[in-house]
Amino acid sequence: MFRRIKYKSEADFAKLRQSARVVAVTLAEVAKHIRPGVPLTYLDQIGEECIRDHHAIPSFKGFEGYPAALCLSVNDVVVHGIPKAGMYLNDGDILSVDCGALLDGFHGDFAYTFAVGEVSEEVRLLMERTKESLNKAIEVAVAGKTVGDIGHTVEAYVGKYNYGVVRELCGHGIGKDMHERPDIPNFGRPDSGDRLQEGMCICIEPMITLGSHKIYMEKDGWTIRTRDHKPAAHYEHQLAITAKGTEVISSYKLIGEVIGTNELY
Ligand code: MG
Ligand code: MG
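Note that this is a predicted model, so its numbers are computed, not measured. (Residues numbered from 1 in each chain as written. Chains lettered and ligands numbered in written order. Predicted model: local features only at pLDDT ≥ 70, side-chain atom pairs only at ≥ 80, totals over all residues. Heavy atoms only, no water.)

(A) Layout of the coordination of the magnesium ion (ligand 2). All of the protein donors around the magnesium ion (ligand 2) are D98 (OD), D98 (OD), D109 (OD) and E236 (OE); their distances to the metal are 2.0 to 2.4 Å. Between consecutive donors of the magnesium ion (ligand 2), the numbers of intervening residues give the motif D-x10-D-x126-E. Here the magnesium ion (ligand 2) and the magnesium ion (ligand 1) are spaced 3.1 Å apart, with D109 acting as a shared donor. Separated by eleven residues along the polypeptide, D98 in strand β4 (residues 94-103) and D109 in strand β5 (residues 106-115) bring together distant segments of the chain. Looking at D98, the relative accessible area reads 7%, which means it is buried. (Donors = N, O, S within 2.8 Å, 3.2 Å for Na, K, Ca; no water. Helix = DSSP H or I, 4+ residues; strand = E, 2+ residues; numbered from the N terminus. Buried < 20%, exposed > 50% of the residue type's maximum accessible area, 1.4 Å probe, protein only.)

(B) Seen up close, the pairing of strand β9 (residues 200-204). Judged by how many residues are buried, β9 sits mostly within the fold: five of five residues are covered. Here β9 shows no split at all, with M200, I202 and I204 on one side and C201 and C203 on the other all buried. Here two bridges tie strand β7 (residues 171-173) to β9, and the two strands are oriented antiparallel to one another. Directly across from G173, in β9, lies its bridge partner I202. Where β9 meets strand β14 (residues 237-242), five bridges bridge the pair, whose relative direction is antiparallel. The residue of β14 that forms the bridge with M200 is I241. (Pairing = 2+ DSSP bridges.)

(C) Highlighting the pattern of salt bridges. On inspection of all chains with the given rule, the structure shows 17 salt bridges. D220 serves as the salt-bridge partner of K84, at 2.8 Å between the closest nitrogen and oxygen. One end of the pair, K84, is in the loop between β3 (77-79) and β4; the other, D220, is in the loop between β11 (215-217) and β12 (224-226), with 136 residues separating them in the sequence. Exposure remark for D220: the relative accessible area of 27% places this residue in the partly exposed category. Residues R167 and E155 are paired through a salt bridge, measuring 3.7 Å at the closest nitrogen-oxygen approach. Of this pair, R167 sits in the loop between β6 (164-165) and β7 while E155 is found in helix α4 (residues 147-159), placing the two residues twelve residues apart along the sequence. One salt-bridge network, held together by shared partners, links E10, R17 and E247. (Salt bridge = Lys/Arg side-chain N within 4 Å of Asp/Glu carboxyl O.)

(D) Structural detail: the coordination of the magnesium ion (ligand 1). At this site the magnesium ion (ligand 1) is bound by D109 (OD), H172 (NE2), E205 (OE) and E236 (OE), with donor distances of 2.1 to 2.3 Å. Counting the intervening residues between successive donors of the magnesium ion (ligand 1) yields the motif D-x62-H-x32-E-x30-E.

(E) Focus on the packing of helix α3 (residues 121-140) against α4. Relative orientation of the contacting elements α3 and α4 amounts to 145 degrees, with a least axis distance of 8 Å. The crossing of α3 and α4 is right-handed. Facing α3, whose interface residues are R129, E132, S133, K136, A137 and V140, α4 presents D149, I150, T153, V154, Y157 and V158. Along the lines of polarity and charge, the residues of the contact of α3 with α4 split into six nonpolar, two polar and four charged. (Axes fitted to C-alpha atoms, helices over the stretch in contact; angles between N-to-C directions. Left-handed = near helix turned anticlockwise from the far one by under 90°. Contact = heavy atoms within 4.5 Å. Nonpolar A, V, L, I, M, F, W, Y, C, P; charged D, E, K, R; others polar.)

(F) Spatial organisation of the sheet that holds strand β15 (residues 245-248). Read from one edge of the open sheet, five strands run β8-β7-β9-β14-β15, paired in antiparallel fashion. In the strand order of this sheet, the two ends are held by β8 (180-184) and β15, each with one partner. With direction set aside, neighbouring strand axes in the sheet form an average angle of 25 degrees. Here β14 pairs with β15 via four bridges, running antiparallel. Of the residues in β15, the one forming a bridge with A240 is E247. Strand contacts of helix α1 (residues 10-31): β9, β14 and β15, with the helix running at about 165 degrees to β14, the strand carrying the most contacts. Here α4 sits on the sheet in contact with β8 and β9, set at roughly 35 degrees to β8.

(G) Molecular detail of the sheet that holds β3. Within the open sheet, the three strands sit side by side as β3-β12-β11. Their pairing is antiparallel. On the outer flanks of this sheet lie β3 and β11, each paired with one strand and no other. When strand polarity is set aside, the average angle formed by the axes of neighbouring strands in this sheet is 40 degrees. The pairing of β11 with β12 spans three bridges and is antiparallel. Bridge assignment links I215 to a residue of β12, and that residue is T226.

(H) The nonpolar core, seen in detail. Among the nonpolar cores identified, the biggest contains 66 residues, and I34, L43, L95, V97 and I202 are the most heavily contacted of them. Here the element with the most residues in this core is α1; it accounts for nine residues. Of all hydrophobic cores here, the second largest spans eight residues; its members include V166, L169, I215 and I224. (Core = buried A, V, L, I, M, F, W, Y, C linked by side-chain atoms within 4.5 Å.)

In structure tokens, the structure reads:
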């Protein structure tokens, strides 16, 4: 089905900033509770309460039947991990927390991968470089560039380290719907695909693996794992392409205050 790109007004962007703010606060709140031994369902409960405390609605809960407020993806789970009873964090795990919040008709959606306790050096580097690939992609995500420029930037950066780029899942436009056009793959040819224009709101979300890029979906219809069970990292930022330039409306700064990192955005 053809879906057209929905361009946002300045009033829409104002609302999108508020939704993104709820997600930023929620991810930081969840971050306070990430440690070995914590049940994933508890983190989901913390996230849902925080979203609702801000008079927003969890975007993911009920989306095509998704049962939780957060996607909590541990180690070889790339994305869409469902928090289930009996799942706990262990020292050395990595956890991608993906959060969406609907406020005043517009969605916020972004994600951060956390280290649980002490992680191995190769996994720490995977996380650092995945985040860096996102930062590099943000630099090229300006009006006039294309989704191919974004994908190529991610792919070229992580390719230096022989990491895998998940191909079946991608970033997306966002607004009144959580997933709008254009699709934003994490690979591509420069100067190809949809062109970025003023009024677009987009999510860029590299999903990068330590081994092969190949994935499979579990029988629950959601959980996406690497086929070789090597870990995957996932970061997502939400951008407004405006007349004044590109603004990263998501923020990791509150997360950084909790976990002691200095975040660029
Ligand atoms: Mg997204
Ligand atoms: Mg997301």
